[in-house]
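Structural features, examined
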Amino acid sequence: MTRPQSEQAPENQPTGARPDAAHPAAQYPSVGRVPGRPQVQKPELDPKVRNSAFLKAARGEKADYTPVWFMRQAGRYMPEYRALRAGKSMLDCIRTPDLAAEITLQPVGAFPLDAAILFNDILTPLPTMGLSLDFVGGVGPVIHNPITTTKDVDMLGVPATAETMPYTAESIRLLVPELNSRGIPLIGFVGAPFTLASYAIEGKGSRNYEKTKRFMYAEPAAWERLMGKFEALLADYLTEQVKAGASAVQIFDSWVGALSIYDYQTFVKPATGRLIERVKALGVPVIYFGTGATHLMPDMASLGSDVMGADWRTPLDKAWGLVQRGQSIQGNLDPLLLQAPWRELKHQTDRILAEANGRPGHIFNVGHGLLPETPMDAVMRVTEYVHERTQKA
Ligand code: CP3
């Protein structure tokens, strides 16, 4: 007998892992089978967007010039962002589609960037699972009830993201007509299972991820259940984003570089691989990014994303030797170079373009997010410079 939808265990979630009735996540129905295969219903791509330099490069096709966008391109370095954010919390802005859409448009209005990325955060899903999140000024994200026991893992909800985060799809639906009229693709995103688990367990950012690793080694079965819960929720969340009109998605595994190759293969690769496989079935390019993770690149790349993010530590020509045939690469200017004199910024931009050597699948980006001290004119200058230097006659 088929159980009613709300009682069905999400895929990859062991039975007995139901959030209890008192739990904040219990009010929402659980994710059932996540639609992934066959392709979901999504809006027809605008032809200008489909043929944009960004999507061509993401698909590994020749583009008219090397496309440019920047991770954290919306943020405190922009006075218009600071003005809009004044007096409002990060989560309020994310949960208010008009505001999230307006912030998303700020950088693409100010600079000739080739893609927009939705204004949101990788940690937004955590409260929907039962973790209490705050962005604390000067500190960063803080989780007040981090995971410490296996029971905490089993208490986490895996609610349907259309119910718990409807504002994300709504923000995307507001943005798509506006971005289509400008021929600009919209990137949706999530954090990867390991990086989200690191916040859920540490309760904040960390240097060495000691609590996370301790939990992973001591409680491998609960760790696997945790990875499975993130896999289910994130696949559902990216499905919602693509259905609403995101034309590419990025999976941020920012802190995965803290792991050895063995630990990545053993504890992280399986669930992340299943996530990427499910997201690829949505039919939009998938970008997978980590920092300090050059040693993991062959394993990460083997999960089959269309694009691999390269952080600023590794030269692009070397990175190309570590990924799969036909995979595109996004990167990899050190974000601090945007605070260097133009002479140095130009020199290193030339170096990166020389390392990319005209390969069709290069998306120019920073090797980690833009910093709050970034001067606006450096962002403008480097974007224009990459376009000019790479423009095909
Ligand atoms: O790129 C974009 O413009 C889209 C928006 C975006 C934000 N966060 C907005 C944000 C994206 C893609 C993220 C991803 C994110 N968030 C990551 C992965 C990328 C990376 O940097 O490794 C991580 C690890 C987070 C978690 C997070 N959110 C941290 C550590 C912080 C505090 C650090 C800081 O810069 O203040 C945030 C807050 C945050 N997320 C801000 C922004 C614009 C700053 C909030 C503010 O205005 O004070």
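Residues numbered from 1 in each chain as written. Predicted model: local features only at pLDDT ≥ 70, side-chain atom pairs only at ≥ 80, totals over all residues. Heavy atoms only, no water.

To continue, consider the packing of helix α12 (residues 220-244) against helix α13 (residues 261-280). Their axes nearest at 9 Å, the elements α12 and α13 cross at an angle of 15°. Between α12 and α13, the angle falls in the class roughly parallel. Seen along the crossing, α12 lies across α13 with a hand that is right-handed. Taking contact as the criterion, the partners of P220, W223, E224, M227, E231, A232, L234, A235 and L238 in α12 are, on α13, F267, V268, A271, R274, L275, R278 and V279. (Axes fitted to C-alpha atoms, helices over the stretch in contact; angles between N-to-C directions. Helix = DSSP H or I, 4+ residues; strand = E, 2+ residues; numbered from the N terminus. Parallel < 35°, antiparallel > 145°, perpendicular 65-115°, else oblique. Left-handed = near helix turned anticlockwise from the far one by under 90°. Contact = heavy atoms within 4.5 Å.)

As for its position among the elements, S198 is in helix α10 (residues 193-202). Its relative accessible area of 1% is what places S198 among the buried residues. Dropping the residues within four chain positions of it, S198 is found in contact with G203, K204, Y209, T212 and W255. (Buried < 20%, exposed > 50% of the residue type's maximum accessible area, 1.4 Å probe, protein only.)

Look at helix α5 (residues 97-110) against helix α9 (residues 166-182): their axes get within 8 Å of each other, and the N-to-C directions meet at 35°. At the point where α5 passes α9, the crossing takes the right-handed sense. Two secondary-structure elements touch here, α5 through P97, D98, A100, A101, T104, L105, V108 and G109 and α9 through Y167, E170, S171, L174, L175, E178, L179 and R182. By residue class, the composition of the contact of α5 with α9 is 9 nonpolar, 3 polar and 4 charged. (Nonpolar A, V, L, I, M, F, W, Y, C, P; charged D, E, K, R; others polar.)

Right, let's talk about the pattern of salt bridges for a bit. Taken as a whole and assessed by the stated rule, the structure comprises 13 salt bridges. Note that R59 and E61 form a salt bridge whose closest N and O atoms lie 2.9 Å from each other. Overall, E61 belongs to the partly exposed group, its relative accessible area being 33%. In this structure, E240 and K243 form a salt bridge, with 3.2 Å as the shortest nitrogen-oxygen distance. Taken as a pair, E240 and K243 lie in helix α12 at a separation of 3 residues, close to a single helical turn. Residue E240 is classed as buried on the basis of its relative accessible area of 17%. Overall, the relative accessible area of 37% leaves K243 in the partly exposed class. Among the charged side chains, a salt-bridge network with shared partners connects E224, E231, R274 and R278. (Salt bridge = Lys/Arg side-chain N within 4 Å of Asp/Glu carboxyl O.)

Here the focus is the environment of E224. Checked against the element boundaries, E224 lands in helix α12. Exposure remark for E224: the relative accessible area of 34% places this residue in the partly exposed category. In this structure, the C-alpha to C-alpha distance between E224 and F267, residues 43 residues apart in sequence, is 7.3 Å.

In the vicinity of the ligand there are 23 residues, among which R72, R76, Y81, R85 and S254 approach most closely. For the ligand, an oxygen atom lies 2.6 Å from a polar atom in the side chain of Y81. Between the ligand and H368, the relevant distance is 2.6 Å, taken from an oxygen atom to a side-chain nitrogen or oxygen of the residue. When the ligand sits alone it has 860 Å² of accessible area, and the protein chains cover 86% of it. Taken together, the residues of the shell around the ligand sort by class into 14 nonpolar, 5 polar and 4 charged. (Near = heavy atom within 4 Å. Polar contact = N/O pair within 3.5 Å; in protein donor to acceptor, adjacent residues only side chain to side chain. Areas by Shrake-Rupley, 256 points an atom, 1.4 Å probe, with all protein chains shown as cover.)

The tally for this structure, following the rule as stated, stands at 7 aromatic pairs. Ring centres 6.0 Å apart and planes at 80° place the aromatic pair F252 and F289 in the edge-to-face group. Note that F252 is positioned in strand β5 (residues 248-253) and F289 in strand β6 (residues 286-290), a separation of 37 residues in sequence. Relative accessible area serves as the criterion here: at 1%, F289 is assigned to the buried category. An aromatic cluster of three or more residues is present, and its members are F189, F252 and F289. (Phe/Tyr/Trp six-rings, centres within 6.5 Å; stacked < 30°, edge-to-face > 60°.)

Pairing in this open sheet of 7 strands is parallel, and the strands run β1-β4-β5-β6-β7-β8-β9 from one edge to the other. A strand with exactly one partner marks an edge of an open sheet, and here the two such strands are β1 (116-117) and β9 (362-366). Here 3 bridges tie strand β7 (residues 307-309) to strand β8 (residues 328-333), and the two strands are oriented parallel to one another. From the neighbouring strand, G309 faces β8, where its bridge partner is Q330. In the packing of α12 onto the sheet, the strands contacted are β4 (186-191) and β5, and the crossing angle to β4 comes to about 170°. Across the sheet, α13 lies against β5 and β6, angled at about 155° from β6, the strand it touches most. (Pairing = 2+ DSSP bridges.)

Attention now goes to unusual backbone geometry. The omega angle of the peptide bond from G331 to N332 is -10°, so this bond is cis rather than trans. Mapped onto the elements of the fold, N332 is located in strand β8. Unlike most non-glycine residues, Y209 shows phi in positive territory, near 55°. Position of Y209 among the secondary structure elements: in the loop between α10 and α11 (210-218). Non-glycine residue N357 carries a positive phi angle of around 55°. Relative to the helices and strands, N357 resides in the loop between α16 (342-356) and β9.

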